Amino acid sequence: MFAGRDRTPLAEDGHTCVPRTFFDRPVLDVAPDLLGRVLVRTTQEGPMQLRITEVEAYAGEADPGSHAYRGKTNRNASMFGPPGHAYVYFIYGMWFSLNLVCGPEGHASGVLLRAGEILEGQEQARHRRPKARSDAELAKGPARLATALDVDRTLNGTDLCSGDPAAPLTVLPGRPGAPGTIRNGPRTGVSGEGAVHPWRFWLADDPTVSPYRAHQPRRRRKSQEAT
């Protein structure tokens, strides 16, 4: 547990998810408003709850940093809506990342979940993340978050607003972050023109928030350099 923090699972209103209208807004409105909300992941082992503490906004075809910048493909089709669905992608041939689709259908945009605090299902998360040195590290970073919650491409396109208590993913109202606690800055690892956008949002001083890292070009393998 984190000292001084109420770790009671935030489901006082039952399993009432946020409405689709919550996601049917501009991405820069949705992204900071997701901080403090609670993502529920239902697995075969039982339910998990994650308090969202860090996100990044991606504005589709208007955003050089977005997967949808060059238009619709089989990979990014979920980003084009409807809002309130999951977009899951595979990166570096190793990791999955979870995004929540927002904005009007047909105009791709989404919010990457970068970090959060596991409120329920810590044992599941620890089993999947045995190298985590503390509970604060279980979902500290997008790949760690997806691993801890057992998120992969089978969840791509999942409806977050179905209202079904057994749905694999949904979002509860939680306790939104107070305006004075929300910070923003450049997105992590984004290069080129998209690097200038201060579209990463996080809760100040929260131990689960991941450190900022500027984009670093991936090193080419020696076999590639020799060709």
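Our subject is the structure that appears above.
A brief structural summary.

Procedures and definitions
- Residues numbered from 1 in each chain as written.
- Predicted model: local features only at pLDDT ≥ 70, side-chain atom pairs only at ≥ 80, totals over all residues.
- Heavy atoms only, no water.
- Helix = DSSP H or I, 4+ residues; strand = E, 2+ residues; numbered from the N terminus.
- Buried < 20%, exposed > 50% of the residue type's maximum accessible area, 1.4 Å probe, protein only.
- Contact = heavy atoms within 4.5 Å.
- Pairing = 2+ DSSP bridges.
- Polar contact = N/O pair within 3.5 Å; in protein donor to acceptor, adjacent residues only side chain to side chain.
- Core = buried A, V, L, I, M, F, W, Y, C linked by side-chain atoms within 4.5 Å.
- Disulfide = S-S within 2.5 Å.
- Salt bridge = Lys/Arg side-chain N within 4 Å of Asp/Glu carboxyl O.

Let us now look at the overall build of the protein chain. Assigned secondary structure in the protein chain consists of 5 helices and 8 strands. Listing the helices and strands of the protein chain from first to last along the sequence gives α-α-β-β-β-β-β-α-α-β-β-β-α. Expressed as a percentage of the 227 residues in the protein chain, the buried residues total 49%. Put simply, of all contacts in the protein chain between residues at least 6 apart along the chain, 65% involve residues at least 24 apart.

Turning our attention to the pairing of strand E8 (residues 200-203). Look at any regular strand and the pattern is simple: side chains alternate between the two faces of the sheet. Side chains of E8 alternate between two faces, with Arg200 and Trp202 and Phe201 and Leu203 buried alike. When strand E2 (residues 46-58) meets E8, the two strands line up antiparallel, connected through 3 bridges. Looking at E8, one finds that Val55 is bridged to Phe201. In this structure, strand E7 (residues 182-185) lies alongside E8, joined through 4 bridges in antiparallel fashion. By the bridge assignment, Gly185 is partnered in E8 with Arg200.

With that settled, the discussion passes to the side chain of Glu54. Structurally, Glu54 is set in strand E2. For Glu54, a relative accessible area of 0% translates into the label buried. Within polar-contact distance, the side chain of Glu54 engages the side chain of Ser210 at 2.7 Å. In this structure Glu54 touches Leu35, Leu112, Leu113, Arg114, Ala115, Arg200, Phe201, Trp202, Val209 and Ser210, once residues within four positions along its chain are discounted.

One broad trend across soluble globular proteins is that nonpolar side chains are buried collectively. In terms of nonpolar packing, the biggest core is built from 40 residues, with Phe23, Leu34, Leu39, Val55 and Leu98 touching the most fellow members. Ranked by residue count, the leading element in this core is E2, at 5 residues. Apart from the residues lying within four places of it in its own chain, the contact partners of Leu98 are Leu39, Ala86, Tyr87, Val88, Val111, Leu112, Leu113, Val151 and Leu169. If you look at the next biggest cluster of nonpolar residues, it comprises 10 residues, including Met79, Tyr87, Ala108 and Leu112.

For the rest of this paragraph, the subject is the state of the cysteines. Using the criterion set out here, one finds 0 disulfides in the structure. Distance from the sulfur of Cys161, which forms no disulfide, to the nearest cysteine sulfur (Cys17) is 5.3 Å. Note on Cys161: relative accessible area 13%, which makes it buried.

This part covers the pattern of salt bridges. Going through the model one piece at a time under the given rule, you end up with 14 salt bridges. Arg25 is paired through a salt bridge with Asp33; the nearest N and O atoms lie 2.9 Å apart.

Here the amide bond leading from Gly81 into Pro82 is cis, since omega sits at 5°, within 30 degrees of zero. Here Pro82 shows up in the loop between E2 and strand E3 (86-91). Within the chain, Asp150 stands out as a residue other than glycine whose phi angle is a positive 60°. Relative to the helices and strands, Asp150 is located in the loop between helix H4 (142-148) and strand E6 (169-172). Look at Asp205: it is not a glycine, yet its phi comes out positive at around 65°. Its place among the elements puts Asp205 in the loop between E8 and helix H5 (222-225).

Honestly, it's all geometry; don't read function into it.
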